[in-house]
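# Descriptive structure summary
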Amino acid sequence: MKVSLKYYTIKYMIGILLLIIAVWAALFYAYILDEVYDNVDDGLKDRKIQIIKAVYHDPKLLDSKDFGFNEFKIKPISESEYKDKNRLYNKMFYMEYDDKDQPYRVLETDFIDQFGKRQRLEIRTSTVEQDELVYDLTTALIVLYILLVISIVAVNGYMLNKAMRPFYAILNRLKKYQFGASSLQEPQNYSIKEFEELNVEIEEMIKRNEFVFHQQKQFIENASHELQTPLAIVTNKIDLKIQNDDLDKKNMNFLTEVKGDLRRMAGLNKSLLMLSKIENSQFNKMAKVNFNEMIAELVKSYEDFIEFKKIEVSIVEKGFFGADFNPDLADILLSNLLKNAIKYNNQEGIVNIIIEDNRLVFRNSSNGVPLDKVQIFNRFYKQGSDHSSTGLGLSIIRTITKQYPGWDIVYEFEDGLHCFILSKNNALVS
């Protein structure tokens, strides 16, 4: 799943922070624990010196065989057991007050008394308070750890959000940008150097693209105009020649074929120009379009063609199909759908137009052979031997729908009928 740059940065920052602060907290905990035990051990070593001094002054202390009020005991040992160094360790002892074992720190050391005998001295001190201190410290450390991470993430998120506002403003402008559309905007000054440079480069890029776009647009329009003029002149000359009574049947047929090819070339030129204009977003004007009314008007305008082929056309209105659309493109879209349904129909066939709230269905009779769903909307694709077709009608329809997010055109073959379904998604269509 894709995430924004802000959350992508925060995600990795949280992971790194958790690791770094966890390591720091562990080291800090180990250091504090070591300091606590170091202080306890220093206290035990000091008591060792005091007790040994007391033993030399009062030999009766050598009879302290069990831990008493002073928390030490002395027992005689052999020469082989004697060790000339201190041993410190932790051990659990029963505590009557709590009626359970509690942790103690024990110092074990050997010394030679005033009588030359070897003695082993064990001194203990309760570490309950120290352990409680460590526990409290650990709890405080965990709370501090959590609050620190939350604070850093919150502050970083706020700072990132504030710092990225120019980026989102630039991105939003790019989303709304269309070739050939006016994009006048107040000059922006950004405090962040990189965003300022990005904005300048985008401005330069837009200017270059607009320049190339206008050159291309002008070239296409000029080329189309220049082609249409000689084509019209040649067609007219052929018409004049056909009207000449001196022509035999063979030449008459030849000229008629040439005239048909010229008309097809003129139609192809117009269609390619139309595709170019649509793809270059030259139809930017938007208005509320009533597709129900437009379909009814188009059917009336095609009455002669419909009567010529003796086709039965029926319009079934199950809902209202309306949208914000360019009126010219809407007319081209519906005209191509209707013309396609009539032109590639059987003599005395049928055309059913079903209007719903979110889709239009054009159904026409066929020869029983379905069309290629994958190729049918491609440019210049023709399924059959109709040489009069340019192969661009359905491609123009698909190109128009691509200009509007949420719109789509699909082909189905149902009950022996060709079905072209134009649909719009209300969640995406404004």
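Residues numbered from 1 in each chain as written. Predicted model: local features only at pLDDT ≥ 70, side-chain atom pairs only at ≥ 80, totals over all residues. Heavy atoms only, no water.

## Notes on the overall build of the protein chain
Looking only at helices and strands, one finds nine helices and 11 strands in the protein chain. Looking at the 430 residues of the protein chain, the share that counts as buried comes to 34%. Long-range contacts, defined here as pairs at least 24 residues apart, represent 68% of the contacts in the protein chain between residues at least 6 apart. (Helix = DSSP H or I, 4+ residues; strand = E, 2+ residues; numbered from the N terminus. Buried < 20%, exposed > 50% of the residue type's maximum accessible area, 1.4 Å probe, protein only. Contact = heavy atoms within 4.5 Å.)

## Concerning the packing of aromatic side chains
Using the criterion set out here, one finds 10 aromatic pairs in the structure. Between Tyr411 and Phe420, the aromatic rings sit 5.2 Å apart at their centres with planes inclined by 50 degrees, giving tilted as the arrangement. By relative accessible area, which is 4% here, Tyr411 ends up buried. An aromatic cluster is defined as three or more aromatic residues linked by ring pairs; in this entry it consists of Phe291, Phe321, Phe325, Tyr404 and Trp407. The residue whose ring lies beneath Arg124 is Phe93, and the NZ or CZ to ring-centre distance is 4.7 Å. (Phe/Tyr/Trp six-rings, centres within 6.5 Å; stacked < 30°, edge-to-face > 60°. Lys NZ or Arg CZ within 6 Å of the ring centre and 35° of its normal.)

## Quick word on the sheet that holds strand β11 (residues 417-424)
Strands sit in the order β6-β8-β9-β11-β10 across an open sheet of five strands; the sheet is mixed. Lying at the two open borders of the sheet, with one neighbouring strand each, are β6 (312-317) and β10 (407-414). Pairs of neighbouring strands in the sheet enclose a mean axial angle of 15 degrees, with direction left out of account. Pairing of strand β9 (residues 359-365) with β11 involves seven bridges; the strand directions are antiparallel. Considered in β11, the bridge of Asn364 is made with His418. Contacts from helix α8 (residues 327-343) reach β8 (350-355), β9, β10 and β11, with the element oriented near 20 degrees to β9. Sheet contacts for helix α9 (residues 393-402): β10 and β11; angle to β10, the most-contacted strand, approximately 140 degrees. (Pairing = 2+ DSSP bridges. Axes fitted to C-alpha atoms, helices over the stretch in contact; angles between N-to-C directions.)

## Some words on the nonpolar core
Grouped together as the largest cluster of nonpolar side chains are 38 residues, with contacts concentrated most on Phe291, Phe325 and Leu360. When contributions to this core are tallied by element, the ones reaching two or more residues are α6 (291-301), β7 (322-325), α8, β8, β9, α9, β10 and β11. Counting residues per element, this core draws most heavily on α8, which supplies nine residues. One finds Val40, Leu44, Val55 and Ile74 within the second-largest nonpolar core, a separate group that totals 12 residues. (Core = buried A, V, L, I, M, F, W, Y, C linked by side-chain atoms within 4.5 Å.)

## Focus on unusual backbone geometry
At Glu348, a residue that is not glycine, the phi angle is positive and equals roughly 65 degrees. Tracing the backbone shows Glu348 in the loop between α8 and β8. Non-glycine residue Asp415 carries a positive phi angle of around 55 degrees. Counting through the fold element by element, Asp415 comes out in the loop between β10 and β11.

## Examining the pattern of salt bridges
Using the criterion set out here, one finds eight salt bridges in the structure. Linking Arg120 and Asp110 is a salt bridge whose minimum nitrogen-to-oxygen distance equals 2.8 Å. Taken as a pair, Arg120 in strand β4 (residues 118-126) and Asp110 in strand β3 (residues 100-112) lie far apart in primary sequence, 10 residues in all. In this structure, Arg359 and Glu356 form a salt bridge, with 3.0 Å as the shortest nitrogen-oxygen distance. Under the relative-accessibility criterion, Arg359 is labelled partly exposed at 33%. Three or more residues joined by partner-sharing salt bridges are found here, namely Arg87, Glu108, Asp110 and Arg120. (Salt bridge = Lys/Arg side-chain N within 4 Å of Asp/Glu carboxyl O.)

## Examining the UniProt feature "transmembrane region" (unreviewed entry) in the protein chain
Taking the UniProt record as the reference, the feature "transmembrane region" (unreviewed entry) is found at residues 12-32 and 140-160. Spanning residues 12-32, this segment combines 100% helix with 0% strand, and its end C-alpha atoms are found 30 Å apart. As annotated, residues 140-160 comprises 100% helix and 0% strand, and the C-alpha atoms at either end are separated by 29 Å. (UniProt positions renumbered as here; feature names shortened; annotations may be inferred.)

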